[in-house]
Structures are given as C-alpha cells and as structure tokens.
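Residue strings, one per chain:
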Amino acid sequence: MLILALDVVDHERALKVAKDTAEFVSAIKVNYPLVLTAGVDVISELSEIRPVIADFKIADIPYTSGLIAKIVFEKGVRAVIAHGFVGRDTLQEVRRVASDYDGEVYVVTELSSTGGKEFMSEHALEIAKLAESVGCDGLIAPATRPDRIRAVKSAAPSLKVLCPGVGAQGGSVEDVMKAGADAIIVGRAIYNSPDPRESARRYFEELRSVREKIDRKDGKAN
Ligand code: O7M
C-alpha cells in the first residue's frame with residue numbers, strides 16, 4: 001500500500017498532486033505544512049479524492065488531544081496519528097474519539113530521522129505494546145531502519161505498520177516490505193518529482209512486484 005505524504009505548501013498544487021496520483025495512492029497523509037498554509041478545510045477537499053490520514057502527531061494531555069482528533073474527524077479524515085510517548089491516558093482518549101467516527105488511530109514509535117534514536121528507540125517497543133493494548137490500529141516505524149520495523153512488528157503483531165522514510169530519506173521499498181511493513185509513506189520523491197503521477201505509478205508497481213516476490217517466497221502464490 002502506498003500512502004502519499006502531501007507536504008506541499010501550496011493549496012492548488014496540493015490538489016493537483018493528489019488528483020494526479022490518486023490512481024496509485026491508497027491514502028493521503030496531511031501534515032502541518034499543508035494545513036498551516038492552505039487552511040484546515042483542505043482536509044475535506046482532499047477527502048473527496050482519497051481517504052485522508054491527519055498527521056498532526058498528537059502529543060498533549062488527553063483533553064486537548066481528544067479535541068484535536070474530534071476537529072479533524074469532523075473535517076472528514078479516516079485516521080489520525082498520535083505520538084506514543086505521551087502515554088496510555090492520551091492514547092485511550094484519542095482512541096475513544098476515533099471510535100465515535102469509526103476512525104483509525106496510528107501511533108508513532110520512533111522517528112525515522114537520526115534523532116529518533118536519541119530518546120525514542122529505547123521505548124519504541126513499549127510504545128508498540130501500549131498502542132496494541134489500547135486498541136489502536138497501527139504503528140508508524142522508520143523505513144530508514146528496517147530492523148526496527150521487524151522489532152515493532154514482533155512486539156505488536158496485531159497492528160499494521162506504516163513506514164515513512166522511503167525515497168528522500170534513503171529507505172528502500174524492498175527492505176521495508178521484507179521487514180514486514182504494511183504500507184510505505186512517500187512524500188518528496190513523489191511530489192517533488194518532475195512527474196508526480198509517474199513517480200507514484202513506479203512506487204505502486206515496485207510495491208506490487210516486491211509483494212509478489214515475498215508471497216512466492218512464503219509459498220502463498222499458487
Ligand atoms: O518522503 P518524505 O521524507 O518527503 O516525507 C516523509 C513524511 O513522513 C513526512 O510527512 C514526515 O513528517 C513523515 N514522517 C517521517 O518522515 N518520519 C517519521 O518517523 C514519521 C513520519 C510520520 O509520518 O509520522 C506519522
């Protein structure tokens with residue numbers, strides 16, 4: 001599954017990239033750069049093109065976190081992303097709000113950047129288990145460190161794992177999928193390419209061929 005990280009800072013361009021790549025993209029992840037420039041209603045516009053995941057990395061007390069989740073679900077998002085280091089009470093509140101909208105919650109374990117190793121790695125597996133015990137839907141784990149994808153996957157086997165860091169940050173589709181990822185999240189390598197649609201198509205095809213290779217190896221192919 002391919003998720004587009006739409007961190008462009010121009011409203012019209014965002015809509016164009018979303019429409020041009022929609023055929024190959026399962027969901028659009030919206031982060032602060034777009035919403036702080038285009039306004040929050042861009043979420044509703046994008047939701048008409050593909051399902052939107054609101055990546056505001058919610059990290060506050062339960063009341064404020066729940067409020068943020070409620071506001072974006074009212075705008076039509078399918079899922080929200082919260083930080084896991086905030087602890088059980090906040091994740092429970094975000095989960096509760098999401099359930100009112102039949103929405104999903106994804107939890108960040110450790111960031112894909114080098115700094116993610118500084119504080120977050122040490123607690124990433126506890127965060128994964130916490131997210132699973134709270135009934136969240138999935139985790140965010142770094143495509144830049146496939147061994148960490150394997151680790152969170154075995155800590156919380158029932159959760160989906162979405163992996164940012166492919167392309168501009170150097171992660172490879174094959175390594176990430178072999179590590180057990182359910183989806184890759186790709187931003188700059190698509191929206192900054194001269195032909196975003198073609199770039200999205202290439203990631204889509206690569207995902208398909210890697211998936212086939214993995215299934216053949218696991219003996220799933222007939
Ligand atoms: O492909 P890129 O590097 O242009 O974009 C990656 C996107 O994924 C961008 O929106 C980041 O904010 C996000 N991201 C990471 O790059 N690393 C992480 O560890 C976590 C995220 C993320 O999506 O968290 C939910």
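Below, the structure is looked at part by part. (Residues numbered from 1 in each chain as written. Predicted model: local features only at pLDDT ≥ 70, side-chain atom pairs only at ≥ 80, totals over all residues. Heavy atoms only, no water.)

**Considerations on the packing of aromatic side chains**
To be explicit about the condition: Geometry of aromatic contacts follows a simple scheme: Phe, Tyr and Trp rings, the Trp one being its six-membered ring, pair when their centres are within 6.5 Å, and the pair is stacked under 30 degrees between planes, edge-to-face over 60, tilted otherwise. A run of H or I in DSSP counts as a helix once it spans at least four residues, and a run of E counts as a strand once it spans at least two, with each numbered from the N terminus. The buried label goes to any residue with under 20% of its type's maximum accessible area, the exposed label to any with over 50%, and the partly exposed label to all in between, with areas taken from a 1.4 Å probe on protein chains only.
Summed over all chains, the structure comprises three aromatic pairs. With a centroid separation of 5.1 Å and an interplanar angle of 55°, the aromatic rings of Tyr32 and Phe56 are classed as tilted. Here Phe56 lies in strand 3 (residues 52-58) and Tyr32 lies in helix 2 (residues 32-38), a separation of 24 residues in the sequence. Judged by its relative accessible area of 39%, Tyr32 is partly exposed. Judged by relative accessible area, Phe56 falls into the buried class, the value being 9%.

**Quick word on helix 10 (residues 196-217)**
Counted only if it meets this: Each helix should span, by expectation, one fewer than its residue count multiplied by 1.5 Å. As used here, the arc is the angular range of directions from the helix axis to the C-beta atoms. Note on contacts: a residue pair is in contact if any heavy atoms of the two residues lie within 4.5 Å.
Its 22 residues give helix 10 an end-to-end C-alpha distance of 32 Å, which sits within 8% of 32 Å, the value for a rise of 1.5 Å per residue. Considered for burial, the residues of helix 10 that qualify are Pro196, Ser199, Ala200, Tyr203, Leu207, Val210 and Ile214. Projection of helix 10 onto a plane perpendicular to its axis shows the buried side chains occupying an angular sector of 100°, all on one side. The exposed residues of helix 10 that point more than 90 degrees off its buried face are Arg202 and Arg216. The inward-facing, buried residues of helix 10 contact strand 1 (2-5), helix 1 (11-21), helix 8 (173-178), strand 8 (183-186) and helix 9 (188-191). At the C-terminal side of helix 10, Gly219 shows a positive phi close to 75°.

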